[in-house]
Amino acid sequence: MTQQPDHVGAPDSDLISLLAYYLPAQRWFAAKGQTLTDENYRIVRRTVIARDVSAADVEQVLLEVTTPTRQDLYQLWVAWTDHVPDRVAHAVIGTYDGRTAYDALADVNVTAQMLSAVDEGRDFGSGVSARREPDAVIDIGAMGLVIGAEQSNTSIVYGHSAILKVFRRLDPGPNPDAEVHRALHAVGSSHIAQPFGEIVGRLAEGAGEAETTLALLTEFFANSADGWAMATASVRDLMSEGDLRADEVGGDFAAESYRLGEAVAAVHADLVRAFGSTVATGAELGQILDAMRAEADAAADQVPALAEHREAIQAAFDRAGDHAAGLNLQRIHGDLHLGQVLRTLDGWKIIDFEGEPAKPLAFRRGMHSPLRDVAGMLRSFDYAARGQTINPHTDAQHRYRAAEWATRNRRSFCDGYAAAAGTDPRHADSLLRVFELDKAIYEVVYEHGHRPLWEAIPLQAVVALINPGGTA
Ligand SMILES: Nc1ncnc2c1ncn2[C@@H]1O[C@H](COP(=O)(O)OP(=O)(O)O)[C@@H](O)[C@H]1O
Ligand SMILES: O=P(O)(O)O[C@H]1O[C@H](CO)[C@@H](O[C@H]2O[C@H](CO)[C@@H](O)[C@H](O)[C@H]2O)[C@H](O)[C@H]1O
């Protein structure tokens, strides 16, 4: 009997050469801006998922990318075919020995298989399997198309009913997005999508290997609008009439910001019911501030524009230490911004509980101050306003109005949060400020790597926040 190869396309070394061209152009590739050769890539495992899915063979590829500064494990679903259908021409990875590899997630025939696999609880072999939540009802007839959003992962929307997020960068163990969705659904949270199922696998052989979330299927909110689109439309409305204040033009967002504050507070309360809470000890407070100091230092090493503020940033963290008593810790969202909230007919929904993609998994699954999420959203109001006025030729009046919009909506959000939570996040003013500073520093690094033209937005906030009298 002939031995079946454990892959369906090019040998590892040739596949690496194809991927080395393809990967750096993907939005979700983290080692951007570094010069890499084939030596930086290592194929960890290839699992044949299906053969002959409308004339393509599909494999899952786990690829490790090591650079001087980081090591990441990526998940790819690669289809190999002799004839590339037009519908996937945009997703071609490369050709080897007459066969063409393409991103299988772009193929509706493959995404259909993934959905039915979750519905049936299919075992793909090599430790990769799918499972459905007991109360999920999945419409397996819906067509699954990749959405084109700027994303850390790749999501496939099935008609009006479900969305499958395929995690691109893997850490061993449960992904917090899946873990939190399940836990919040179990306590009846009304501000999240219902989890429908998962694809899971083990990243290495052997007993004791953690089961890792590879993809998460949830309810899809059809006809929703994301908070970023709504907020930026509201800021643009202001620009059409430079003489009017935010509360005088059409499209005022303050009432939505208030409701959003209420929704975030409700989810924070649900997270406490699901995972519990603690009060930080003095030592823990010290560790929280130390971690922020260390990250700020590392960020300053990485981004020249931050380096010149190194001492002032450290001084800002030192000032916060004097006011940090009685801090509550709990599971939080971890990367909350206007792009992570969807306005549906049924109110605001919060998505993407993965935490900041750049943080280690243990941190993302840890207990933190809910003020971090409040700070994330406050930063986002600032982004929405400044993003519209970043062009240096922007009229001074427009700039003034945009800043006013940010202040108004930040206040409304905190008012809504305080009304629902029973505690006003602004009472912990100096802490809220350092969490905003911490977030703005993260954003400078993020923009430096992904959208250099936007680096000035969080950088301006850093400068304002390190000035004892300034506001972001
Ligand atoms: N449950 C949902 N209903 C409707 N749209 C969603 C849902 N979940 C995600 N989306 C859309 O998909 C985009 C990316 O989702 P997200 O979970 O933030 O992925 P990533 O981690 O890749 O950033 C969101 O900005 C939103 O437009
Ligand atoms: O949504 P992701 O989990 O991929 O989050 C990352 O990308 C975000 C950008 O899409 C980034 O958010 C920053 O830009 C937003 C505007 O595009 C702004 O509303 C946010 O406040 C700002 O942080 C996020 O930081 C990053 O982790």
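Not measured: the values here are computed from a predicted model.

**Describing the site of ligand 1**
At step 1: As a matter of local geometry, ligand 1 sits amid 16 residues, with Gln-151, Asn-153, Lys-165, Glu-219 and Phe-221 nearest to it.
At step 2: In this structure, an oxygen atom belonging to ligand 1 sits 3.2 Å away from a main-chain N or O atom of Ser-152.
At step 3: Here an oxygen atom of ligand 1 and a side-chain polar atom of Lys-165 are 2.9 Å apart.
At step 4: Taken by itself ligand 1 offers 550 Å² of open surface, and the protein chains cover 85% of this.
At step 5: Each residue belonging to the shell around ligand 1 can be placed in one class, and the counts come to seven nonpolar, five polar and four charged.
At step 6: Inspection of the shell around ligand 1 shows a minimum of three residues originating in each of domain 2 (109–219) and domain 3 (225–465).

**Observations concerning the domain arrangement of the protein**
Bring the parts together and some accessible area is lost; that lost area is often taken as the interface size.
At step 1: Partitioning the protein into domains gives domain 1 (12–104), domain 2 (109–219) and domain 3 (225–465).
At step 2: If you average the C-alpha positions of domain 2 and of domain 3, the two centres end up 28 Å apart.
At step 3: Contact with domain 2, which involves 22 residues of that partner, is made by 21 residues of domain 3.
At step 4: Between domain 2 and domain 3 lies a buried interface of about 1900 Å² when both sides are counted; carbon and sulfur atoms form 55% of it.
At step 5: Where domain 2 packs against domain 3, one counts five salt bridges.
At step 6: The interface formed by domain 2 and domain 3 holds 13 residue pairs in polar contact (both at pLDDT 80 or more) in total.
At step 7: Partitioned by chemical class, the residues of the side of domain 2 that touches domain 3 number nine nonpolar, seven polar and six charged.

**Points about unusual backbone geometry**
At step 1: Within the chain, Asp-52 stands out as a residue other than glycine whose phi angle is a positive 55 degrees.
At step 2: Turning to its location among the elements, Asp-52 is positioned in strand β1 (residues 41–53).
At step 3: With relative accessibility at 57%, the residue Asp-52 sits in the exposed group.
At step 4: For Asn-223, which is not glycine, the phi dihedral falls at a positive 60 degrees.
At step 5: Among the secondary structure elements, Asn-223 is positioned in the loop between β12 (211–219) and β13 (225–226).

**Brief notes about the site of ligand 2**
At step 1: Residues in close proximity to ligand 2 total 15 residues, the closest being Ser-152, Ser-380, Tyr-442, Glu-443 and Tyr-446.
At step 2: One of the side-chain N or O atoms of Ser-380 is found 2.6 Å from an oxygen atom in ligand 2.
At step 3: Protein burial of ligand 2: of its 530 Å² of free accessible surface, 91% is covered by the chains.
At step 4: Within the residue set of the shell around ligand 2, elements represented by two or more residues are α10 (371–388) and α12 (429–450).
At step 5: When grouped by side-chain class, the residues that make up the shell around ligand 2 number six nonpolar, four polar and five charged.

Each value, and the rule that gives it
- Residues numbered from 1 in each chain as written.
- Chains lettered and ligands numbered in written order.
- Predicted model: local features only at pLDDT ≥ 70, side-chain atom pairs only at ≥ 80, totals over all residues.
- Heavy atoms only, no water.
- Near = heavy atom within 4 Å.
- Polar contact = N/O pair within 3.5 Å; in protein donor to acceptor, adjacent residues only side chain to side chain.
- Areas by Shrake-Rupley, 256 points an atom, 1.4 Å probe, with all protein chains shown as cover.
- Nonpolar A, V, L, I, M, F, W, Y, C, P; charged D, E, K, R; others polar.
- Domains from an automatic or database assignment.
- Contact = heavy atoms within 4.5 Å.
- Buried area = accessible area lost by both parts, 1.4 Å probe.
- Salt bridge = Lys/Arg side-chain N within 4 Å of Asp/Glu carboxyl O.
- Helix = DSSP H or I, 4+ residues; strand = E, 2+ residues; numbered from the N terminus.
- Buried < 20%, exposed > 50% of the residue type's maximum accessible area, 1.4 Å probe, protein only.

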